Amino acid sequence: MVPPSSALPGPTPAGRTHYAIGPGFILGLIRSRPVWTRAQLVALTGLARSTLSERIDQLAAAKLVMVGKEAMVTGGRPAESIRFNAAGGTLLVADIGGSHSRIGITDLHGSLIATTDKDIDISAGPDQILGSTLADFHTLLAENSIDASHVRGIGIGMPGPVDTATGRIVRPRTMPGWDTVAVPDYFRASFPNVPVLVDKDANIMALGEFRTSWSHEHSTTITVKVGMGIGCGLIVNDTVLHGARGAAGDIAHISRGSDVQCLCGQNGCVEAVAGGRAIAAKLNAAGRTVTTSSDIVDLVREGDALAVRLVRQAGREIGEVLIPTIALINPSLVVIGGNLADSPEPLLAGIRESVYAHSHPLSTEALQIVPSKTGPQAGLTGAAMLTLDTIFAENAVDAALSA
Ligand SMILES: [Zn+2]
(Lines give C-alpha, C1' and ligand atoms only; values in the text may rest on other atoms or scores of the structure.)
Protein backbone atom coordinates (compact mmCIF):
# COMPACT_ATOMS: atom_id res chain seq x y z
CA MET A 1 0.00 0.00 0.00
CA VAL A 2 1.22 3.48 -0.84
CA PRO A 3 1.39 5.79 2.19
CA PRO A 4 -0.58 9.05 1.89
CA SER A 5 2.52 11.24 1.85
CA SER A 6 3.82 9.55 -1.28
CA ALA A 7 0.47 9.82 -3.08
CA LEU A 8 1.00 13.51 -3.67
CA PRO A 9 2.04 13.93 -7.26
CA GLY A 10 4.82 16.39 -7.77
CA PRO A 11 7.93 16.83 -9.86
CA THR A 12 11.16 15.25 -8.61
CA PRO A 13 14.74 15.69 -9.82
CA ALA A 14 14.26 12.51 -11.81
CA GLY A 15 11.16 13.90 -13.50
CA ARG A 16 8.95 11.39 -11.70
CA THR A 17 5.89 11.89 -9.61
CA HIS A 18 6.32 10.63 -6.05
CA TYR A 19 3.82 7.80 -6.34
CA ALA A 20 5.71 6.36 -9.35
CA ILE A 21 8.92 5.83 -7.40
CA GLY A 22 8.97 2.17 -6.42
CA PRO A 23 11.79 0.00 -5.06
CA GLY A 24 13.10 -0.66 -8.59
CA PHE A 25 13.89 3.01 -9.11
CA ILE A 26 15.50 3.31 -5.67
CA LEU A 27 17.63 0.23 -6.37
CA GLY A 28 18.77 1.81 -9.66
CA LEU A 29 19.95 4.88 -7.74
CA ILE A 30 21.67 2.84 -5.05
CA ARG A 31 23.51 0.78 -7.68
CA SER A 32 24.74 3.94 -9.41
CA ARG A 33 27.32 4.81 -6.77
CA PRO A 34 29.13 3.08 -3.92
CA VAL A 35 27.42 4.55 -0.88
CA TRP A 36 24.44 6.73 0.03
CA THR A 37 22.91 8.23 3.12
CA ARG A 38 19.15 8.20 3.68
CA ALA A 39 19.17 12.02 3.57
CA GLN A 40 20.79 12.01 0.11
CA LEU A 41 18.15 9.63 -1.23
CA VAL A 42 15.34 11.71 0.29
CA ALA A 43 16.81 14.87 -1.23
CA LEU A 44 17.22 13.30 -4.66
CA THR A 45 13.86 11.53 -4.91
CA GLY A 46 11.68 13.95 -2.98
CA LEU A 47 10.09 10.96 -1.24
CA ALA A 48 8.89 11.25 2.33
CA ARG A 49 11.43 9.72 4.70
CA SER A 50 8.91 7.08 5.79
CA THR A 51 8.21 6.04 2.20
CA LEU A 52 11.87 5.86 1.35
CA SER A 53 12.47 3.74 4.45
CA GLU A 54 9.72 1.36 3.38
CA ARG A 55 11.38 0.94 -0.04
CA ILE A 56 14.80 0.39 1.53
CA ASP A 57 13.37 -2.17 3.95
CA GLN A 58 11.88 -4.07 1.00
CA LEU A 59 15.23 -4.05 -0.81
CA ALA A 60 17.13 -5.04 2.32
CA ALA A 61 14.73 -7.93 2.96
CA ALA A 62 15.44 -9.12 -0.59
CA LYS A 63 19.19 -8.95 0.26
CA LEU A 64 19.76 -6.38 -2.49
CA VAL A 65 20.72 -3.50 -0.18
CA MET A 66 22.78 -3.29 2.99
CA VAL A 67 22.14 -0.70 5.66
CA GLY A 68 25.01 -0.10 8.06
CA LYS A 69 26.88 2.43 10.11
CA GLU A 70 30.26 3.75 9.23
CA ALA A 71 32.69 6.20 10.73
CA MET A 72 32.74 9.68 9.22
CA VAL A 73 36.02 10.78 7.66
CA THR A 74 35.82 13.88 9.84
CA GLY A 75 35.21 11.91 13.03
CA GLY A 76 32.07 12.28 15.14
CA ARG A 77 29.05 9.99 15.22
CA PRO A 78 28.99 7.14 12.70
CA ALA A 79 26.66 7.93 9.80
CA GLU A 80 24.18 5.49 8.32
CA SER A 81 25.34 4.07 5.00
CA ILE A 82 23.19 2.47 2.34
CA ARG A 83 24.92 0.29 -0.23
CA PHE A 84 24.04 -2.12 -3.00
CA ASN A 85 24.66 -5.69 -1.83
CA ALA A 86 26.66 -7.24 -4.66
CA ALA A 87 27.06 -10.40 -2.59
CA GLY A 88 23.28 -10.82 -2.34
CA GLY A 89 23.17 -13.23 -5.27
CA THR A 90 25.15 -14.98 -7.98
CA LEU A 91 24.95 -14.96 -11.77
CA LEU A 92 25.93 -17.86 -14.00
CA VAL A 93 27.44 -16.75 -17.31
CA ALA A 94 28.69 -18.59 -20.38
CA ASP A 95 30.36 -17.44 -23.59
CA ILE A 96 29.99 -20.33 -25.98
CA GLY A 97 31.84 -19.99 -29.27
CA GLY A 98 32.15 -22.34 -32.22
CA SER A 99 35.32 -23.96 -30.93
CA HIS A 100 35.85 -22.60 -27.43
CA SER A 101 33.70 -21.91 -24.40
CA ARG A 102 34.20 -19.89 -21.23
CA ILE A 103 32.02 -20.28 -18.19
CA GLY A 104 31.91 -18.17 -15.06
CA ILE A 105 30.10 -17.07 -11.94
CA THR A 106 29.78 -13.42 -10.95
CA ASP A 107 28.49 -11.31 -8.11
CA LEU A 108 25.64 -8.84 -8.65
CA HIS A 109 28.05 -6.17 -9.93
CA GLY A 110 28.87 -8.60 -12.74
CA SER A 111 32.42 -9.04 -11.37
CA LEU A 112 33.77 -12.48 -12.13
CA ILE A 113 34.35 -14.70 -9.08
CA ALA A 114 35.55 -17.81 -10.90
CA THR A 115 35.87 -18.98 -14.50
CA THR A 116 36.72 -22.07 -16.45
CA ASP A 117 37.23 -22.59 -20.18
CA LYS A 118 37.75 -25.36 -22.69
CA ASP A 119 37.85 -26.20 -26.38
CA ILE A 120 34.56 -27.50 -27.75
CA ASP A 121 32.99 -28.33 -31.09
CA ILE A 122 29.63 -26.60 -31.38
CA SER A 123 28.51 -29.18 -33.96
CA ALA A 124 28.41 -31.76 -31.13
CA GLY A 125 24.88 -30.38 -30.66
CA PRO A 126 22.83 -28.84 -27.86
CA ASP A 127 22.54 -31.87 -25.55
CA GLN A 128 26.29 -32.23 -25.24
CA ILE A 129 27.30 -28.55 -25.30
CA LEU A 130 24.58 -27.16 -23.03
CA GLY A 131 24.63 -30.28 -20.84
CA SER A 132 28.32 -29.78 -20.19
CA THR A 133 27.77 -26.04 -19.62
CA LEU A 134 25.20 -26.89 -16.94
CA ALA A 135 27.59 -29.40 -15.35
CA ASP A 136 30.35 -26.77 -15.33
CA PHE A 137 28.00 -24.27 -13.65
CA HIS A 138 27.31 -26.79 -10.87
CA THR A 139 31.03 -27.50 -10.50
CA LEU A 140 31.91 -23.79 -10.19
CA LEU A 141 29.16 -23.25 -7.63
CA ALA A 142 30.34 -26.23 -5.57
CA GLU A 143 33.99 -25.19 -5.76
CA ASN A 144 33.04 -21.76 -4.43
CA SER A 145 30.62 -23.09 -1.79
CA ILE A 146 27.65 -21.29 -3.35
CA ASP A 147 24.23 -22.90 -3.13
CA ALA A 148 22.14 -23.12 -6.31
CA SER A 149 19.37 -21.18 -4.55
CA HIS A 150 21.70 -18.13 -4.53
CA VAL A 151 21.56 -17.88 -8.35
CA ARG A 152 19.49 -14.90 -9.55
CA GLY A 153 20.10 -15.02 -13.29
CA ILE A 154 21.83 -16.85 -16.11
CA GLY A 155 23.36 -15.20 -19.19
CA ILE A 156 24.50 -17.21 -22.21
CA GLY A 157 26.23 -16.17 -25.44
CA MET A 158 25.82 -18.49 -28.44
CA PRO A 159 27.73 -18.41 -31.74
CA GLY A 160 24.68 -17.84 -33.94
CA PRO A 161 21.58 -15.65 -34.31
CA VAL A 162 19.29 -15.72 -31.27
CA ASP A 163 15.69 -14.64 -30.82
CA THR A 164 16.41 -12.78 -27.59
CA ALA A 165 12.74 -12.80 -26.52
CA THR A 166 12.68 -16.61 -26.31
CA GLY A 167 16.37 -17.57 -26.22
CA ARG A 168 15.87 -19.74 -29.31
CA ILE A 169 18.60 -20.18 -31.90
CA VAL A 170 17.41 -18.87 -35.29
CA ARG A 171 18.61 -20.65 -38.44
CA PRO A 172 22.32 -20.71 -37.60
CA ARG A 173 24.52 -21.16 -40.64
CA THR A 174 27.25 -23.29 -39.15
CA MET A 175 25.63 -25.01 -36.14
CA PRO A 176 24.03 -28.25 -37.35
CA GLY A 177 21.31 -29.52 -35.02
CA TRP A 178 20.75 -26.18 -33.29
CA ASP A 179 17.97 -24.53 -35.31
CA THR A 180 15.00 -23.53 -33.07
CA VAL A 181 16.72 -24.94 -29.95
CA ALA A 182 15.45 -23.07 -26.88
CA VAL A 183 18.65 -22.59 -24.86
CA PRO A 184 16.89 -21.61 -21.56
CA ASP A 185 15.11 -24.99 -21.43
CA TYR A 186 18.40 -26.71 -20.64
CA PHE A 187 18.78 -24.74 -17.40
CA ARG A 188 15.20 -24.63 -16.12
CA ALA A 189 15.17 -27.95 -14.27
CA SER A 190 18.23 -27.02 -12.17
CA PHE A 191 17.37 -23.34 -11.78
CA PRO A 192 13.58 -22.94 -11.77
CA ASN A 193 12.23 -19.36 -11.75
CA VAL A 194 15.64 -17.94 -12.66
CA PRO A 195 15.68 -15.76 -15.82
CA VAL A 196 17.90 -17.16 -18.58
CA LEU A 197 19.05 -14.54 -21.09
CA VAL A 198 20.57 -15.58 -24.38
CA ASP A 199 22.24 -13.52 -27.09
CA LYS A 200 24.76 -13.97 -29.88
CA ASP A 201 28.34 -14.38 -28.59
CA ALA A 202 29.57 -11.35 -30.54
CA ASN A 203 26.79 -9.24 -29.00
CA ILE A 204 27.68 -10.13 -25.41
CA MET A 205 31.33 -9.46 -26.21
CA ALA A 206 30.38 -6.09 -27.73
CA LEU A 207 28.31 -5.24 -24.65
CA GLY A 208 31.06 -6.31 -22.22
CA GLU A 209 33.70 -4.29 -24.09
CA PHE A 210 31.44 -1.28 -24.37
CA ARG A 211 30.28 -1.10 -20.75
CA THR A 212 33.66 -1.79 -19.16
CA SER A 213 35.95 0.24 -21.40
CA TRP A 214 34.31 2.59 -23.89
CA SER A 215 30.83 3.85 -22.98
CA HIS A 216 32.14 7.06 -21.37
CA GLU A 217 33.32 8.42 -24.73
CA HIS A 218 31.53 6.39 -27.41
CA SER A 219 27.90 5.51 -28.15
CA THR A 220 28.09 3.70 -31.50
CA THR A 221 30.67 0.92 -31.91
CA ILE A 222 31.46 -2.15 -33.96
CA THR A 223 33.09 -5.05 -32.11
CA VAL A 224 34.58 -7.80 -34.25
CA LYS A 225 35.34 -11.21 -32.76
CA VAL A 226 38.03 -12.99 -34.73
CA GLY A 227 38.76 -16.58 -33.76
CA MET A 228 38.42 -19.72 -35.81
CA GLY A 229 35.26 -18.02 -37.14
CA ILE A 230 34.28 -14.35 -37.37
CA GLY A 231 31.53 -12.59 -35.43
CA CYS A 232 30.46 -8.98 -35.06
CA GLY A 233 28.32 -7.09 -32.56
CA LEU A 234 26.93 -3.60 -33.14
CA ILE A 235 26.21 -1.04 -30.42
CA VAL A 236 24.07 1.81 -31.74
CA ASN A 237 23.23 4.67 -29.39
CA ASP A 238 24.41 2.68 -26.33
CA THR A 239 22.22 -0.34 -27.16
CA VAL A 240 23.00 -3.70 -28.79
CA LEU A 241 21.42 -3.74 -32.26
CA HIS A 242 19.65 -7.06 -32.88
CA GLY A 243 17.70 -6.44 -36.09
CA ALA A 244 14.57 -8.27 -37.18
CA ARG A 245 15.71 -11.86 -36.48
CA GLY A 246 18.74 -11.33 -34.24
CA ALA A 247 21.17 -11.47 -37.16
CA ALA A 248 22.31 -7.82 -37.16
CA GLY A 249 26.09 -7.66 -37.43
CA ASP A 250 26.35 -11.13 -38.96
CA ILE A 251 29.18 -10.26 -41.35
CA ALA A 252 30.80 -13.72 -41.41
CA HIS A 253 28.99 -14.91 -44.52
CA ILE A 254 29.35 -11.81 -46.67
CA SER A 255 30.96 -12.98 -49.88
CA ARG A 256 34.49 -11.94 -50.80
CA GLY A 257 34.07 -13.42 -54.26
CA SER A 258 36.51 -16.29 -53.83
CA ASP A 259 35.75 -19.95 -54.52
CA VAL A 260 36.80 -21.20 -51.08
CA GLN A 261 33.92 -23.22 -49.64
CA CYS A 262 32.53 -22.07 -46.29
CA LEU A 263 31.08 -24.30 -43.56
CA CYS A 264 27.72 -22.67 -44.37
CA GLY A 265 27.71 -24.21 -47.84
CA GLN A 266 28.28 -20.98 -49.77
CA ASN A 267 31.55 -20.06 -51.44
CA GLY A 268 33.84 -17.20 -50.59
CA CYS A 269 32.39 -16.02 -47.26
CA VAL A 270 34.76 -13.73 -45.36
CA GLU A 271 34.89 -16.32 -42.57
CA ALA A 272 36.05 -18.97 -45.06
CA VAL A 273 38.69 -16.61 -46.42
CA ALA A 274 39.86 -14.76 -43.29
CA GLY A 275 38.77 -16.73 -40.20
CA GLY A 276 41.25 -18.69 -38.11
CA ARG A 277 40.19 -21.94 -39.79
CA ALA A 278 41.26 -20.56 -43.19
CA ILE A 279 44.58 -19.30 -41.83
CA ALA A 280 45.23 -22.61 -40.06
CA ALA A 281 44.57 -24.57 -43.27
CA LYS A 282 47.11 -22.46 -45.18
CA LEU A 283 49.71 -22.75 -42.40
CA ASN A 284 49.23 -26.51 -42.20
CA ALA A 285 49.58 -26.77 -45.99
CA ALA A 286 52.92 -24.95 -45.61
CA GLY A 287 54.18 -27.47 -43.05
CA ARG A 288 53.26 -25.81 -39.73
CA THR A 289 51.14 -27.68 -37.18
CA VAL A 290 48.17 -25.53 -36.27
CA THR A 291 44.81 -26.54 -34.79
CA THR A 292 43.58 -23.55 -32.77
CA SER A 293 43.61 -19.74 -32.85
CA SER A 294 46.18 -19.87 -30.04
CA ASP A 295 48.54 -21.87 -32.27
CA ILE A 296 48.28 -19.15 -34.93
CA VAL A 297 48.89 -16.43 -32.33
CA ASP A 298 51.95 -18.32 -31.06
CA LEU A 299 53.42 -18.33 -34.58
CA VAL A 300 52.72 -14.61 -34.97
CA ARG A 301 54.44 -13.92 -31.63
CA GLU A 302 57.43 -15.99 -32.74
CA GLY A 303 57.66 -13.79 -35.84
CA ASP A 304 56.77 -16.55 -38.34
CA ALA A 305 56.68 -14.49 -41.56
CA LEU A 306 53.97 -16.56 -43.26
CA ALA A 307 51.69 -16.45 -40.20
CA VAL A 308 52.14 -12.67 -39.88
CA ARG A 309 51.42 -12.20 -43.60
CA LEU A 310 48.29 -14.42 -43.53
CA VAL A 311 46.89 -12.69 -40.44
CA ARG A 312 47.52 -9.27 -41.97
CA GLN A 313 45.78 -10.35 -45.19
CA ALA A 314 42.86 -11.66 -43.09
CA GLY A 315 42.70 -8.21 -41.51
CA ARG A 316 42.44 -6.62 -44.97
CA GLU A 317 39.57 -8.96 -45.92
CA ILE A 318 37.74 -8.23 -42.65
CA GLY A 319 38.33 -4.50 -43.17
CA GLU A 320 36.75 -4.70 -46.61
CA VAL A 321 33.49 -6.12 -45.23
CA LEU A 322 33.45 -3.55 -42.42
CA ILE A 323 33.48 -0.65 -44.88
CA PRO A 324 29.73 -0.77 -45.75
CA THR A 325 28.83 -1.26 -42.06
CA ILE A 326 30.92 1.78 -41.15
CA ALA A 327 29.18 3.77 -43.89
CA LEU A 328 25.75 2.66 -42.64
CA ILE A 329 26.03 3.26 -38.89
CA ASN A 330 28.90 5.78 -38.63
CA PRO A 331 30.60 4.34 -35.52
CA SER A 332 33.35 6.21 -33.67
CA LEU A 333 35.05 2.98 -32.62
CA VAL A 334 35.87 -0.44 -34.04
CA VAL A 335 37.10 -2.91 -31.39
CA ILE A 336 38.94 -6.02 -32.52
CA GLY A 337 38.79 -8.94 -30.10
CA GLY A 338 38.57 -12.72 -30.11
CA ASN A 339 41.33 -15.30 -29.70
CA LEU A 340 43.08 -14.38 -32.94
CA ALA A 341 43.42 -10.81 -31.67
CA ASP A 342 45.53 -11.91 -28.69
CA SER A 343 48.49 -10.67 -30.70
CA PRO A 344 46.60 -7.96 -32.51
CA GLU A 345 49.17 -5.95 -34.48
CA PRO A 346 49.07 -7.62 -37.93
CA LEU A 347 45.29 -8.07 -37.75
CA LEU A 348 44.73 -4.42 -36.81
CA ALA A 349 47.19 -3.22 -39.44
CA GLY A 350 45.30 -5.10 -42.17
CA ILE A 351 41.89 -3.86 -41.02
CA ARG A 352 43.09 -0.24 -40.77
CA GLU A 353 44.70 -0.48 -44.19
CA SER A 354 41.41 -1.45 -45.88
CA VAL A 355 39.09 0.77 -43.87
CA TYR A 356 41.09 3.99 -44.07
CA ALA A 357 41.94 3.48 -47.75
CA HIS A 358 38.40 2.84 -48.94
CA SER A 359 35.98 4.64 -46.61
CA HIS A 360 34.63 8.15 -47.07
CA PRO A 361 36.72 10.59 -45.01
CA LEU A 362 33.62 11.80 -43.18
CA SER A 363 32.95 8.35 -41.75
CA THR A 364 36.59 7.74 -40.72
CA GLU A 365 37.83 11.12 -39.50
CA ALA A 366 36.62 10.37 -35.96
CA LEU A 367 36.96 6.58 -36.23
CA GLN A 368 39.37 4.66 -34.02
CA ILE A 369 40.22 1.01 -34.72
CA VAL A 370 41.58 -0.51 -31.53
CA PRO A 371 42.33 -3.86 -29.87
CA SER A 372 40.01 -5.15 -27.16
CA LYS A 373 40.68 -3.54 -23.78
CA THR A 374 38.52 -5.92 -21.78
CA GLY A 375 40.26 -9.03 -23.11
CA PRO A 376 39.08 -12.64 -23.22
CA GLN A 377 36.53 -12.15 -20.42
CA ALA A 378 34.56 -9.49 -22.37
CA GLY A 379 31.92 -12.04 -23.37
CA LEU A 380 31.36 -13.28 -19.82
CA THR A 381 31.18 -9.71 -18.55
CA GLY A 382 28.70 -8.83 -21.30
CA ALA A 383 26.58 -11.88 -20.44
CA ALA A 384 26.50 -10.63 -16.85
CA MET A 385 25.53 -7.10 -17.98
CA LEU A 386 22.73 -8.51 -20.16
CA THR A 387 21.42 -10.47 -17.18
CA LEU A 388 21.73 -7.58 -14.71
CA ASP A 389 19.92 -5.22 -17.12
CA THR A 390 17.00 -7.65 -17.12
CA ILE A 391 16.79 -8.70 -13.47
CA PHE A 392 17.36 -5.15 -12.18
CA ALA A 393 15.11 -3.40 -14.69
CA GLU A 394 12.90 -1.08 -12.66
CA ASN A 395 9.67 -2.92 -13.54
CA ALA A 396 11.21 -6.33 -12.87
CA VAL A 397 12.31 -5.30 -9.37
CA ASP A 398 8.95 -3.69 -8.59
CA ALA A 399 7.12 -6.82 -9.78
CA ALA A 400 9.43 -9.21 -7.88
CA LEU A 401 9.10 -7.28 -4.61
CA SER A 402 5.33 -6.90 -4.84
CA ALA A 403 4.84 -10.63 -5.47
ZN1 LIG B 1 29.58 -18.86 -45.04
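Residues numbered from 1 in each chain as written. Predicted model: local features only at pLDDT ≥ 70, side-chain atom pairs only at ≥ 80, totals over all residues. Heavy atoms only, no water.

*Asks:* What is the right way to read the overall build of the protein chain from this model?
*Replies:* A count of helices and strands for the protein chain gives 14 helices and 14 strands. In terms of overall dimensions, the protein chain is globule-like: its C-alpha atoms have a radius of gyration of 24 Å, near the 22 Å expected for 403 residues. In terms of its C-alpha atoms, the protein chain occupies a principal-axis envelope of roughly 75 × 50 × 45 Å. Looking at the protein chain as a whole, 51% of its 403 residues are labelled buried. Counted over contacts in the protein chain with a minimum sequence separation of 6, partners at least 24 positions apart contribute 62%. Accessible surface, the protein chain as shown: approximately 17700 Å² in total, 53% of it carbon and sulfur. (Helix = DSSP H or I, 4+ residues; strand = E, 2+ residues; numbered from the N terminus. Rg over C-alpha atoms; globule rule 2.2 N^0.38 Å. Buried < 20%, exposed > 50% of the residue type's maximum accessible area, 1.4 Å probe, protein only. Contact = heavy atoms within 4.5 Å. Areas by Shrake-Rupley, 256 points an atom, 1.4 Å probe, with all protein chains shown as cover.)

*Asks:* Where do I start with the pattern of salt bridges in this structure?
*Replies:* Where side chains of opposite charge bring their charged atoms close, a pairing between them can arise. In the structure shown here, the tally under the stated rule is twelve salt bridges. One salt bridge connects arginine 277 with glutamate 271, and the closest N-O pair in it is separated by 3.5 Å. A salt bridge links arginine 288 to aspartate 304, with the nearest nitrogen and oxygen atoms 2.6 Å apart. With arginine 288 in the loop between helix H8 (276–285) and helix H9 (293–301) and aspartate 304 in the loop between H9 and helix H10 (305–329), this residue pair connects regions lying 16 residues apart in the sequence. The exposure class of arginine 288 is partly exposed, given its relative accessible area of 27%. Each of the salt bridges in this network shares a partner with another, and the network as a whole consists of Asp95, Asp201 and Lys225. (Salt bridge = Lys/Arg side-chain N within 4 Å of Asp/Glu carboxyl O.)

*Asks:* Explanation requested: the sheet that holds strand E12 (residues 239–240) in the structure shown.
*Replies:* Strands belonging to one sheet form pairs held by backbone hydrogen bonds; the direction of such a pair is parallel or antiparallel. Overall, mixed pairing links the five strands, which are arranged E12-E11-E10-E13-E14 in an open sheet. Every interior strand has two partners, whereas the edge strands, E12 and strand E14 (368–371), have only one. Where strand E13 (residues 333–337) meets E14, four bridges bridge the pair, whose relative direction is parallel. Bridge assignment links valine 335 to a residue of E14, and that residue is valine 370. Helix H6 (residues 201–214) rests against strand E10 (221–226), strand E11 (230–236), E12, E13 and E14 of the sheet, and its axis sits at about 50° to E11. (Pairing = 2+ DSSP bridges. Axes fitted to C-alpha atoms, helices over the stretch in contact; angles between N-to-C directions.)

*Asks:* Mind showing me how you'd approach helix H2 (residues 38–45) here?
*Replies:* It helps to recall that an α-helix has 3.6 residues per turn; residues three or four apart then point in one direction. Buried within H2 are the following residues: Arg38, Leu41 and Thr45. One face of H2 carries all of its buried residues, which in axial projection span an arc of 65°. Packing partners of the buried residues in H2 comprise helix H1 (23–31), helix H3 (49–61), strand E1 (65–70) and strand E2 (79–84). With its phi angle positive at about 75°, glycine 46 sits one or two positions after the end of H2. (Arc of directions from axis to C-beta.)

*Asks:* It is not clear to me how the packing of aromatic side chains should be interpreted in this structure. Could you clarify?
*Replies:* Remark: the centre distance and the inter-plane angle together describe each pair of aromatic rings, the angle taken between the planes. Using the criterion set out here, one finds two aromatic pairs in the structure. An angle of 90° between the planes, with centres 5.7 Å apart, marks the rings of phenylalanine 84 and phenylalanine 392 as edge-to-face. Of the two residues, phenylalanine 84 is situated in strand E2 and phenylalanine 392 in the loop between helix H13 (378–391) and helix H14 (394–402); the sequence distance between them amounts to 308 residues. Phenylalanine 392 gets classed as buried once you look at its relative accessible area, which sits at 8%. Judged by centre distance (5.8 Å) and plane angle (55°), the ring pair of phenylalanine 137 and phenylalanine 187 falls under tilted. Separated by 50 residues along the polypeptide, phenylalanine 137 in helix H4 (residues 126–143) and phenylalanine 187 in helix H5 (residues 185–188) bring together distant segments of the chain. (Phe/Tyr/Trp six-rings, centres within 6.5 Å; stacked < 30°, edge-to-face > 60°.)

*Asks:* So what exactly am I meant to see when it comes to the coordination of the zinc ion here?
*Replies:* Reference values for coordination geometry: four tetrahedral donors around a metal ideally subtend 109.5 degrees, six octahedral donors ideally subtend 90 or 180 degrees. For the zinc ion, the protein coordination sphere consists of His253 (ND1), Cys262 (SG), Cys264 (SG) and Cys269 (SG), at 2.0 to 2.3 Å. Considering all four donor atoms around the zinc ion, angles at the metal cover 106 to 117° and the coordination shape is tetrahedral. Going along the chain, you hit the donors of the zinc ion in the pattern H-x8-C-x1-C-x4-C. The class of cysteine 262 is buried, set by a relative accessible area of 7%. (Donors = N, O, S within 2.8 Å, 3.2 Å for Na, K, Ca; no water. Tetrahedral: all angles 85-135°; square planar, octahedral: opposite > 155°, others 65-115°.)

*Asks:* Even after reading the chapter, I still don't get the packing of H1 against H14, so can you show me in this structure?
*Replies:* For any two helices packed against each other, one specifies the inter-axial angle together with the distance between the axes. Two elements in contact, H1 and H14, have axes separated by 7 Å at closest approach and are oriented at 125°. In this view, H1 runs oblique relative to H14, as classed from their interaxial angle. For the pair H1 and H14, the crossing hand works out as right-handed. Within the contact between the two elements, H1 uses Pro23, Gly24, Phe25 and Leu27 and H14 uses Glu394, Val397, Asp398 and Leu401. (Parallel < 35°, antiparallel > 145°, perpendicular 65-115°, else oblique. Left-handed = near helix turned anticlockwise from the far one by under 90°.)

*Asks:* So what exactly am I meant to see when it comes to the domain arrangement of the protein chain here?
*Replies:* One frequently used descriptor of interface size is the decrease in accessible area upon assembly of the parts. Along its sequence, the protein chain is carved into domain 1 (4–84), domain 2 (90–202 + 380–402) and domain 3 (205–374). Here domain 1 and domain 3 have C-alpha centroids that lie 45 Å from each other. (Domains from an automatic or database assignment.)

*Asks:* Explanation requested: the packing of H6 against H13 in the structure shown.
*Replies:* Relative orientation of the contacting elements H6 and H13 amounts to 85°, with a least axis distance of 7 Å. Put simply, H6 runs roughly perpendicular to H13. On H13, the residues that touch Ile204, Met205, Leu207, Gly208, Glu209, Arg211 and Thr212 of H6 are Ala378, Gly379, Thr381, Gly382, Ala383, Met385, Leu386 and Asp389.

*Asks:* Sorry if this is basic, but what is going on with the side chain of aspartate 95 here?
*Replies:* With respect to the helices and strands, the residue aspartate 95 is situated in strand E3 (residues 90–96). For aspartate 95, a relative accessible area of 7% corresponds to the buried category.

*Asks:* Is there a simple way to think about the nonpolar core in this case?
*Replies:* Note on soluble globular proteins: their nonpolar side chains tend to be buried together. Leu27, Ile30, Leu41, Leu59 and Phe392 are the most contacted members of the largest nonpolar core, which has 41 residues in total. Elements represented by at least two residues in this core include exactly H1, H3, E2, E3, H6, E13 and H13. With seven residues, the single largest contributor to this core is H13. In this view, leucine 41 contacts Leu29, Ile30, Trp36, Gly46, Leu52, Ile56 and Ile82; residues no more than four positions away in its chain are not counted. With 39 residues, the next largest nonpolar core counts Val300, Leu306, Leu322 and Leu348 among its residues. (Core = buried A, V, L, I, M, F, W, Y, C linked by side-chain atoms within 4.5 Å.)

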